[in-house]
Amino acid sequence: MFKAFAKGLSITFKHMLPGHSTTVQYPSVKLKPSDRFRGLHRLVPSQDREKCVACYLCPTVCPAKCITVEAAENDKGEKYPKVYTIDLLRCIFCGYCVEACPVEAIEMTGAYELANYEREDFQFTKQRLLK
Amino acid sequence: MVNLTIDGKQVTVSKTATIYEAAKEVGISIPVLCYAKKLMPYGACRFCLVQVEQMKGRLIPACTTPVSEGMVVTTISDEIKKVRKTVMEFLLVNHVLDCPVCDKGGECDLQDLAYELESTSNRFEGEKFDLPTDEVNPLIERNMNRCVLCGRCARVCDEVVGYGSYSFINRGFETKIATAYDRGLSCEFCGQCVSMCPVGAILPRPFKFKARPWQLKEVDSVCGYCGNGCTLTLGVLNNKVETIRFNDKIGVNDGNLCVRGRFGYSYVNHDERLTKPLLRKDGELVEAEWDEALQVVADGLANAQKGQGAGILSGARLTNEELFVLKQFAKTLGTQNLDHSGGECYKGVTEGLKETIGISASTGTFPQIEKANVILAIRSDFYETHPVVGMVVNQAIRRNEAKLLVLADKRGKLSKLPGAKTLLTKPGLELDILNAMARVLLDEGLAQTEGVDGIADLQAALANFSPAQVAERTGVSAEQLQAAARQLAGAKNSAILMAYGLPYQGLNKELATAAANLALLAGIPGREGSGLYLCGEKANSQGAIDLGILPQGNGMGAQAMFTAAAAGQLDALYVVGEDPLSSYPDRDRIAKALDKVPFLVVQDLFLSPTAQQADVVLPATSFAEKDGTFTNAERRIQRVRRGISSPGQARADGAILTALAGKLGSSLAFTGPAAIFAEIGKAVPAYATCSFNEIGPQGVVWGGESLQPASRKVVAVAGGSEVEGDFRLVTGSALYHSGTVSTKAKGPMAVLAEPYVELSREDAKALKVADGDLLKVAGNGVELKLKAKVGNRLPKGVLFAPYHFAEAQVNRLYKGEAVIAVKVSK
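What counts and what doesn't
Residues numbered from 1 in each chain as written. Chains lettered and ligands numbered in written order. Predicted model: local features only at pLDDT ≥ 70, side-chain atom pairs only at ≥ 80, totals over all residues. Heavy atoms only, no water. Helix = DSSP H or I, 4+ residues; strand = E, 2+ residues; numbered from the N terminus. Rg over C-alpha atoms; globule rule 2.2 N^0.38 Å. Buried < 20%, exposed > 50% of the residue type's maximum accessible area, 1.4 Å probe, protein only. 1 Å grid on protein atoms, 1.4 Å probe; cavity = no way out; pocket = protein on both sides within 12 Å on 5 of 7 lines; lining within 4 Å. Points joined across faces, edges and corners; volume = space filled by probe spheres on them. Nonpolar A, V, L, I, M, F, W, Y, C, P; charged D, E, K, R; others polar. Contact = heavy atoms within 4.5 Å. Buried area = accessible area lost by both parts, 1.4 Å probe. Salt bridge = Lys/Arg side-chain N within 4 Å of Asp/Glu carboxyl O. Polar contact = N/O pair within 3.5 Å; in protein donor to acceptor, adjacent residues only side chain to side chain. Disulfide = S-S within 2.5 Å. Domains from an automatic or database assignment. Pairing = 2+ DSSP bridges. Axes fitted to C-alpha atoms, helices over the stretch in contact; angles between N-to-C directions. Left-handed = near helix turned anticlockwise from the far one by under 90°. Core = buried A, V, L, I, M, F, W, Y, C linked by side-chain atoms within 4.5 Å. Phe/Tyr/Trp six-rings, centres within 6.5 Å; stacked < 30°, edge-to-face > 60°. Lys NZ or Arg CZ within 6 Å of the ring centre and 35° of its normal. Arc of directions from axis to C-beta.

**Student:** Would you take a moment to explain the overall build of chain B for this structure?
**Tutor:** A count of helices and strands for chain B gives 27 helices and 33 strands. Since a compact globule built from 826 residues should have a radius of gyration of about 28 Å, the 28 Å found for chain B is in line with a globular shape. Each principal axis of the C-alpha distribution contributes one length, and for chain B these read about 90 × 65 × 60 Å. For chain B, the proportion of its 826 residues judged to be buried stands at 62%.

Here's what the structure looks like:
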């Protein structure tokens, strides 16, 4: 019985040794999330514009109805999103928008520090999402 | 009837049905791209291939194969699925994968089919099309890269519209749909091809990139323009009418629309819509609150009534319910001076038809025209005023080999239809021809005189209308005349069509009477399948007549009101939904009357020229913002439904009138259109046949499909008189516009933005004018400068000017006569 105790506690005490802690001293130390992490969205740019063609599939599939798209025609006669806004307060980070996008114009980044002071600051417009 | 088995289900259908239609009957859907209900079977896409037990060894196209007794059909099997998938692969070899940017995405037949057939890969490789898009016109965009060559656009343009813009050109892989010389689309822009295209090859430009189909709220309503009463399905997004959706399941128009119906909706979203009541203070119109404005109107009208009286003038685009409230309001106010639409143009119905056949309405319904054997259109402008009825005429000719006779002073769309015989008369002499045709019927014993009164009088009156005499006067040969009369009398079913409206005021009553005479002699009124149609220019012209928005008792009509006002004998005028200054004949007289009348109230959508003269302007709502009913020219009562809310503080006419009546101390109040409709039923027995909520998707035709005439009496009418002079001007409606409100709509304005005067090539040559030159047109003591439009449809010496454009002031020249003698110079 004593043997079993020792074995178990050795694991516990091992964690107390320097270099064995899983706690990270956030915010001075930051973890890099996995590649598949679903953080803040990003609109992917192409050469001279955003890749997005304003097909309205993301606002349609979005279960939280947090995406607003308004399509328009640019000088070249192409369809582009005149307005593309994500209301992050409503977003549930499900990633359906990324899945639905037929042109891979939206992706989710590793950015997870999304706290802010004003409600307006959670409205991510096209310009902010393209950064 | 034929019995057959489809997928194990027993079906009994008529022997003219195809396998596709039979399958649809029992709820089995066979995929199709090229099939459309209203078009002839074509068999272009090969998606509808099915197996038939009796025709083993190959697959049979369901949409072109008629059913036969004992057929055993299998609509789905592994083999069929494989073949359909291969057809899809063939189509997708060249088809661009534009779905994310294609406006058809979400309601595309090809997309749906590809999904259904699970086409995810393609065994064939080929180059994607890279053809330039056709954007030469402002309303319809054609992207031939997306075309699947089903031919629906080419067929609908030919079979239904009768225009023939499109055709297949080239062969093999290069095949495409093109316009003449591949120059791009330039047509009447009815947009039937847009509604028929199963893919995104033909799309409405005003709606480009505006929304996805699944985002739109669909509201079924009735078009607010002409008296044809086409059902419209409004596509509403964010409280704005963004487009008109294709819908062939409801209404009388089978999904057909004209340029106004399909592209003329944008005036409801116009920036210049009135949003607040305006009051004239110190000579300026300033915004005011409703309560204040209504009080001023109520006081003004009540004071006028104590003095020399007030008059009420209404338009014919109010709903039946609003017209009823208007009539009640007139009673509350105590005035008998009530009228609509200028007071003259509808007299063919209220007087001409009333005196002869005893009713004030068309006797048949539009679907019957398609079955008619002989159709007589009086004034070729019928297509311009009622394009969708014109399409029915075209279908009658193409499907049922109907004979079309056009009696007019100019050629038009109808004259170009296959086999159409145009009796081209000098302007103003249509009457003589109708009289001569009546005489031919009487002389040759073809007339049905039994039970018709006044035959002897008519015979005497027609002494001077022998075909030879009339031929000399009108320029239509006697043989043509006789042949036309014989055709009309000999037909099993025939239809006589005539349009009326503000620009067709002259000789309106006489023409209607002569047409009714002819109809009676040919036995048309009341005969099943035949009809005499007098079609109003506005959406609810018939409703206004049915509800009696006419002078009450000894009251004054519109013209009398203007005369009285100009003489200072009318103290107030309340104009609801009309712009007399822009659209009524004799503008100068109207202007004088409006100037003189001490108190003028205008209730309208826009600050029209008339409204600018007003003391109070009340903002009203368009057809898309209200509930109610319209009665179309064939007596069909249809529901108008609210699709959007009104801009600013604009209120429905009915609500304004009720509030005004309240200010005058009346207890006039209704819980809604249904309650008013029930009240209408009490006042107008014809409307008591159904309740408001019983009006179905096809509407309710009061009086039945064939309205029986209340009397049969022919009334002699004198002939027209020829107008002297080198040039004679006639006014009318242009195809792209209806009334004056369409000049606020982007679609019609994109096609026809400016007023013009049309003349023949011969005259243009003689006057040395080219298209677009300014012409001086002088007559009736007025000279106007109008842009010349040179065309083929007018005979020498005849000019035509549309009346829609207020700024052109054509109604200064036009004082209500049928023909105006003018002088033309460069």
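**Student:** What is the right way to read empty space enclosed by the protein from this model?
**Tutor:** Gaps left between atoms show up when a probe the size of a water molecule is rolled over them. Residue and element names in this part refer to chain B. A complete count under the given rule lists nine cavities of 30 Å³ or more for this structure. Within this model, the largest cavity holds a volume of roughly 170 Å³. What lines the largest cavity is a set of 20 residues, and nearest its centre among them are R379, D409, Y504, V730 and A818. For the lining of the largest cavity, the element with the highest residue contribution is strand β28 (residues 727-732), accounting for three residues. In terms of residue class, the lining of the largest cavity is made up of ten nonpolar, four polar and six charged.

**Student:** Any chance you could explain the interface of chain A and chain B here in plain terms?
**Tutor:** At the junction of the two partners, chain A supplies 13 residues and chain B supplies nine residues. With both chains or domains summed, chain A and chain B bury close to 870 Å², and 62% of this area falls on carbon and sulfur atoms. Area buried by chain A at its contact with chain B is led by Y56, E73 and K79 of chain A, which between them contribute 54% of it. Linking chain A with chain B are two salt bridges, by the criterion used here. Connecting chain A to chain B are three residue pairs in polar contact (both at pLDDT 80 or more). Going through the elements one at a time, α2 (57-61) and β2 (67-73) of chain A are the ones with two or more residues in the side of chain A that touches chain B. At three residues, β2 of chain A tops the list of elements feeding residues into the side of chain A that touches chain B. Considered class by class, the residues forming the side of chain A that touches chain B number eight nonpolar, two polar and three charged.

**Student:** Teacher, can you tell me more about the state of the cysteines here?
**Tutor:** Note: disulfide means a covalent bond formed between the sulfur atoms of two cysteine side chains. In total, this model carries zero disulfides over all chains according to the counting rule given. Between C94 of chain A, a cysteine without a disulfide, and C62 of chain A, which holds the nearest cysteine sulfur, the sulfur-to-sulfur distance is 6.1 Å. Of the cysteine sulfurs around C108 of chain B, a residue in no disulfide, the closest is that of C102 of chain B, at 6.2 Å.

**Student:** Got a minute to help me understand the domain arrangement of chain B in this structure?
**Tutor:** How large an interface is tends to be reported as the accessible area lost when its parts come together. Residue and element names in this part refer to chain B. By the assigned domains, chain B splits into domain 1 (2-76), domain 2 (125-269), domain 3 (278-345 + 543-689), domain 4 (370-535) and domain 5 (727-825). The C-alpha-based centres of domain 1 and domain 2 are spaced at 28 Å. Contacts between the two partners involve ten residues from domain 1 and, on the opposite side, 18 residues from domain 2. Interface area for domain 1 against domain 2, summed over the two sides, is near 1100 Å², with a carbon-plus-sulfur share of 55%. Ranking the residues of domain 1 by area buried against domain 2 places L33, K38 and L39 at the top, with a combined share of 54%. Between domain 1 and domain 2 we count one salt bridge in total.

**Student:** Which parts of the structure should I look at to understand the sheet that holds strand β5 (residues 123-124) of chain A?
**Tutor:** Hydrogen bonding along the main chain pairs the strands of a sheet, whether they run parallel or antiparallel. Residue and element names in this part refer to chain A. Spatial ordering of the open sheet is given by β2-β3-β5, a layout of three strands whose pairing is antiparallel. With partners counted over all chains shown, the strands left at the sheet margins are β2 and β5, one partner each. In terms of strand pairing, strand β3 (residues 79-87) meets β5 through two bridges, oriented antiparallel. By the bridge assignment for β5, I86 is matched with F124.

**Student:** Just to check I follow, could you spell out the environment of A516 of chain B for this structure?
**Tutor:** Residues and elements named next belong to chain B. Within the secondary structure, A516 is located in helix α17 (residues 508-521). Here A516 falls in the buried class, since its relative accessible area comes to 0%. Apart from residues no more than four positions distant in its own chain, A516 is found in contact with L353, T356 and L532.

**Student:** Hey, could you run me through the packing of helix α13 (residues 430-443) of chain B against helix α16 (residues 478-490) of chain B in this one?
**Tutor:** All names here are of chain B. Relative to each other, α13 and α16 sit at 65°, their axes nearing to 9 Å. Note that α13 runs across α16; the crossing there is right-handed. For the pair α13 and α16, the contacting residues are I433, A436, M437, V440 and L441 in the first and L481, Q482, A484, A485, L488 and A489 in the second. Residue composition of the contact of α13 with α16, grouped by class: ten nonpolar, one polar and no charged.

**Student:** Mind showing me how you'd approach the nonpolar core here?
**Tutor:** One broad rule of soluble globular proteins: the nonpolar side chains tend to lie buried together. Residues and elements named next belong to chain B. One finds I202, I369, I375 and L404 to be the most contacted residues of the largest nonpolar core, which totals 125 residues. Discounting residues that sit within four places of it in the chain, L404 has contacts with I375, A377, V393, I397, L414, L417, G419, A420 and K421. Counting residues in each nonpolar core, the second largest holds 100 residues, with L294, L326, I545 and F677 among its members.

**Student:** Would you mind going over the layout of surface pockets with me for this structure?
**Tutor:** All names here are of chain B. Here the largest pocket is characterised by a volume of approximately 1200 Å³. Elements supplying a minimum of two residues to the lining of the largest pocket: α1 (19-25), α3 (109-116), α5 (192-196), β9 (202-204), β12 (240-245) and α6 (259-263). The leading source of residues in the lining of the largest pocket is α3, at four residues. Considering only residue class, the lining of the largest pocket consists of 21 nonpolar, five polar and 15 charged. Both domains that furnish three or more residues to the lining of the largest pocket are identified here as domain 1 (2-76) and domain 2 (125-269). Each pocket or cavity is described by its volume, and for the second largest pocket that value is around 990 Å³. Residue lining of the second largest pocket: 40 residues in total, with Y736, Y756, E758, K789 and R793 positioned closest to the centre. When contributions to the lining of the second largest pocket are tallied by element, the ones reaching two or more residues are α25 (746-751) and β31 (782-791). With five residues, β31 is the largest single contributor of residues to the lining of the second largest pocket. Across the lining of the second largest pocket, the residue classes break down as 18 nonpolar, nine polar and 13 charged.

**Student:** Is there a simple way to think about the packing of aromatic side chains in this case?
**Tutor:** We describe a pair of aromatic rings using the distance from one ring centre to the other and the angle between the two ring planes. Residue and element names in this part refer to chain B. Across all of its chains, the model carries eleven aromatic pairs over all chains by this definition. Centroid distance Y267 to F623: 6.3 Å. Interplanar angle 40°. Geometry classified as tilted. Of this pair, Y267 sits in the loop between α6 and β13 (278-281) while F623 sits in the loop between β24 (616-619) and β25 (628-631), placing them 356 residues apart in sequence. Residue classification places Y267 among the buried residues on the basis of a relative accessible area of 4%. Each ring, one from F677 and one from F692, has its centre 6.0 Å from the other, and the planes form 55°; the classification is tilted. Pair noted here: F677 is in helix α24 (residues 673-683) and F692 is in the loop between α24 and β27 (700-701), with a separation of 15 residues, a long-range link. The pair formed by F677 and F692 is uniform in burial state, with each residue classed as buried. Here the basic side chain of R635 rests over the ring of W702, its NZ or CZ set 5.7 Å away from the ring centre.

**Student:** What's the story with helix α21 (residues 587-596) of chain B in this structure? I'm lost.
**Tutor:** Helical periodicity: at 3.6 residues per turn, an α-helix aligns residues three or four positions apart in one direction. All names here are of chain B. Considered for burial, the residues of α21 that qualify are R587, I590, A593 and L594. The buried residues of α21 all sit within an arc of 125° when viewed along its axis, so they share a single face. The secondary structure elements touched by the buried residues of α21 are α19 (558-566), β22 (572-576), α20 (580-583), β23 (599-604), α22 (609-612) and α27 (810-813).

**Student:** For this particular structure, what's the right way to read the pairing of β31 of chain B?
**Tutor:** Along any regular strand the residues' side chains alternate between the sheet's two faces. Residues and elements named next belong to chain B. Inspection of the sheet shows strand β29 (residues 757-760) paired to β31 by four bridges, in the parallel sense. What sits directly across from L759, in β31, is V790. Sheet analysis places strand β30 (residues 774-779) next to β31, joined by six bridges and oriented antiparallel. In the sheet register, V777 faces β31, and the bridge partner there is L784. Where β30 folds back on β31, the antiparallel hairpin that results is connected by two residues, among which N780 adopts a positive phi of roughly 50°.

**Student:** Help me understand the sheet that holds strand β2 (residues 9-13) of chain B in this model?
**Tutor:** Residue and element names in this part refer to chain B. Taken in spatial order, the five strands make up an open sheet running β2-β1-β5-β3-β4, and their pairing is mixed. Of all the strands in the sheet, the pair left with one neighbour each is β2 and β4 (60-61). Both strand β3 (residues 49-52) and strand β5 (residues 72-74) contribute to a ladder of two bridges, which runs antiparallel. Bridging from a neighbouring strand, Q51 pairs with T74 of β5. Seen against the sheet, helix α2 (residues 78-94) touches β3 and β5 and runs at an angle of roughly 155° to β3.

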